[in-house]
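For reference, the chains in residue letters:
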Amino acid sequence: MGKAEGEGELWHGHVTALTVAPEYRRMNLANRLMNVLETVSEKIYNAYFVDLFVRESNSVAIGMYKGFGYSIYRTVLGYYSGGGGVDEENAYGEAFICYPSYKYLITRFLEDMRKALPRDVLKKSVIPMTRPIKPEELEW
């Protein structure tokens, strides 16, 4: 499931959810579904990129998306709500990273993965950010 959202050079396709039942995995269905979303985002909506969010613990999905040409654009700190303890799950990267400017914010992390589409000729949409962001800094 996906949608188009954003404004200007942030106009993009967004993967809201991608799920394949266990008995239908390893049949290239996820790749085919992603290709449909990418094609619609490019040809119908003229988007600059496609993005998605993924948890750190979902290493299978992260590997799959990298295989589809996605790269990690930025880390979103504290995206998932919860108790806020150090035993909570990260979304991607090093376990329990402490960023000094975020003062003990060691909650669940999330990775924003992106794939540039042909409209983004210079691939600006996938140049990784140099610092993590908080959920309230997300554009959409």
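In short, a report on the structure.

Reading the values: the criteria
Residues numbered from 1 in each chain as written. Predicted model: local features only at pLDDT ≥ 70, side-chain atom pairs only at ≥ 80, totals over all residues. Heavy atoms only, no water. Helix = DSSP H or I, 4+ residues; strand = E, 2+ residues; numbered from the N terminus. Buried < 20%, exposed > 50% of the residue type's maximum accessible area, 1.4 Å probe, protein only. Contact = heavy atoms within 4.5 Å. Areas by Shrake-Rupley, 256 points an atom, 1.4 Å probe, with all protein chains shown as cover. Salt bridge = Lys/Arg side-chain N within 4 Å of Asp/Glu carboxyl O. Pairing = 2+ DSSP bridges. Axes fitted to C-alpha atoms, helices over the stretch in contact; angles between N-to-C directions. Phe/Tyr/Trp six-rings, centres within 6.5 Å; stacked < 30°, edge-to-face > 60°.

1. Here's the deal with the overall build of the chain
Item 1. Across its full length, the chain holds two helices and five strands.
Item 2. Element order for the chain, N to C, with α for helix and β for strand: β-β-α-β-α-β-β.
Item 3. The buried share among the 140 residues of the chain stands at 38%.
Item 4. Restricting the contact set of the chain to residue pairs at least 6 apart, pairs at least 24 apart contribute 68%.
Item 5. Summing over all exposed atoms, the chain offers an accessible surface of approximately 8,400 Å²; the carbon and sulfur share of this is 55%.

2. Some thoughts on the pattern of salt bridges
Item 1. The tally for this structure, following the rule as stated, stands at eight salt bridges.
Item 2. Lys3 is the salt-bridge partner of Glu5, the closest N and O atoms lying 3.3 Å from each other.
Item 3. Classification of Glu5 by relative accessible area gives buried; the value is 15%.
Item 4. Salt bridges linked by common partners bring Arg74, Asp112, Arg114 and Glu139 together as one network.

3. Some remarks on the pairing of strand β4 (residues 71-77)
Item 1. Along β4, five of the seven residues are buried, which leaves the element largely enclosed by surrounding structure.
Item 2. Both β4 and strand β5 (residues 109-116) contribute to a ladder of six bridges, which runs antiparallel. Residue pairing for β5: Thr75 is matched across the bridge by Glu111.

4. Some words on the sheet that holds strand β1 (residues 2-5)
Item 1. Overall, mixed pairing links the five strands, which are arranged β1-β2-β3-β5-β4 in an open sheet. Only two strands of the sheet have a single partner each, and these edge strands are β1 and β4. Strand after strand, the sheet turns through a mean of 25 degrees between neighbouring axes, direction not considered.
Item 2. When strand β3 (residues 49-55) meets β5, the two strands line up antiparallel, connected through seven bridges. Note that in β5 the partner of Phe49 across the bridge is Ala116.
Item 3. Contacting β3, β4 and β5, helix α2 (residues 59-67) runs over the sheet at an angle of about 160 degrees to β3.

5. As for the packing of aromatic side chains
Item 1. Under the counting rule described, the total for this entry stands at three aromatic pairs.
Item 2. Relative to Phe68, the ring of Tyr65 has its centre 6.4 Å away and its plane inclined at 80 degrees; by these criteria the two rings are edge-to-face. Pair check on accessibility: Tyr65 and Phe68 agree, each one buried.
Item 3. Members of the aromatic cluster, each reached through a chain of ring pairs, are Tyr65, Phe68 and Tyr70.

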